[in-house]
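Observations on the three-dimensional arrangement
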Amino acid sequence: GAGVSQSPSNKVTEKGKDVELRCDPISGHTALYWYRQSLGQGLEFLIYFQGNSAPDKSGLPSDRFSAERTGGSVSTLTIQRTQQEDSAVYLCASGPSADTQYFGPGTRLTVL
Amino acid sequence: AQSVAQPEDQVNVAEGNPLTVKCTYSVSGNPYLFWYVQYPNRGLQFLLKYITGDNLVKGSYGFEAEFNKSQTSFHLKKPSALVSDSALYFCAVRFSASKIIFGSGTRLSIRP
């Protein structure tokens, strides 16, 4: 069956521009996570959605970062006024619960 | 503070030999522990998890991990390594409904 998909796969942007990253989770999965993976680093938790509950945004590094999940399905991570330190691979994962996560291929963001 | 550590950046093993990838954690309460693998140019894949019960957990691709509460460790093991096991391995711990911490990763290299 279809897995988690993310788009775009690669995004190059200029410093100061806004970007939107999209995640299409596996149908029926109520849990959705966003992570950031910088070069040579582990995964950094950004935000967690679970069903209709208020999201856990405690991992977002600054107020330039925001995320939405519409209709309990597709999620969009928005980074405003991008900075070079935002360059990383952004990973989305979904699951039937927080204990089992299926990861997407990621979006590689490069801020020039 | 909650944390997870993978003390080895790289582990090198000859094919056919047993392998161990180390993970230790610091979490209050009972942790949920996970191992994920990231093959080159592919997304993260779930290997195994420990929630409760038997301390020895068996997972995908012949891997297993042993939960040791007294040593706060969850080392990943395989009796006989394959070249195809070469990848980046991440240990993770969940300590709340939403918070998951990933280790920095260990690159496993299996030589023929």
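None of these values were measured; they are calculated from a predicted model. (Residues numbered from 1 in each chain as written. Chains lettered and ligands numbered in written order. Predicted model: local features only at pLDDT ≥ 70, side-chain atom pairs only at ≥ 80, totals over all residues. Heavy atoms only, no water.)

**Description of the interface of chain B and chain A**
Operational definition: Contact definition: two residues touch when any of their heavy atoms are within 4.5 Å. We define buried area as the total accessible area lost by two parts upon association, computed with a 1.4 Å probe and summed across both. Throughout this description, the term salt bridge denotes a Lys or Arg side-chain nitrogen within 4 Å of a carboxyl oxygen of Asp or Glu. Pairing of N or O atoms within 3.5 Å defines a polar contact, subject to two protein rules: one partner must be a possible hydrogen donor and the other a possible acceptor, and residues neighboring in sequence count only if both atoms are side-chain atoms. Helix and strand labels come from DSSP, where a helix needs a run of H or I of at least four residues and a strand needs a run of E of at least two; each type is numbered from the N terminus.
Taken together, the contact between chain B and chain A spans 19 residues of the former and 18 residues of the latter. Contact with chain A buries surface across chain B, with Leu44(B), Ser98(B) and Phe102(B) losing the most and accounting together for 33% of the total. In this structure, the connection of chain B to chain A is made through 1 salt bridge. With a closest N to O distance of 2.6 Å, Arg94(B) and Asp99(A) form a salt bridge. Summed over the shared surface of chain B and chain A, the result is 3 residue pairs in polar contact (both at pLDDT 80 or more). Breaking the side of chain B that touches chain A down by element, the ones donating at least two residues are strand E5 (32-38), strand E6 (44-50), strand E10 (87-94) and strand E11 (100-102) of chain B. If one sorts the elements of the side of chain B that touches chain A by residue count, E5(B) sits on top with 4 residues.

**Looking at the pattern of salt bridges**
Selection criterion: With a 1.4 Å probe rolled over the protein chains alone, any residue whose accessible area is under 20% of its type maximum counts as buried; one over 50% counts as exposed, and the rest are partly exposed.
With the rule as written, the count across this model stands at 7 salt bridges over all chains. When the shortest N-O distance is used, the salt bridge between Asp24(A) and Arg22(A) registers 2.7 Å. Judged by relative accessible area, which is 37%, Arg22(A) ranks as partly exposed. Between Glu66(B) and Lys77(B) there is a salt bridge, and its shortest N-O distance comes to 3.9 Å. Pair noted here: Glu66(B) is in strand E8 (residues 64-68) and Lys77(B) is in strand E9 (residues 73-78), with a separation of 11 residues, a long-range link. Residue Glu66(B) is classed as partly exposed on the basis of its relative accessible area, which comes to 39%. For Lys77(B), a relative accessible area of 30% gives the class partly exposed.

Any functional reading would require information beyond the geometric quantities listed.
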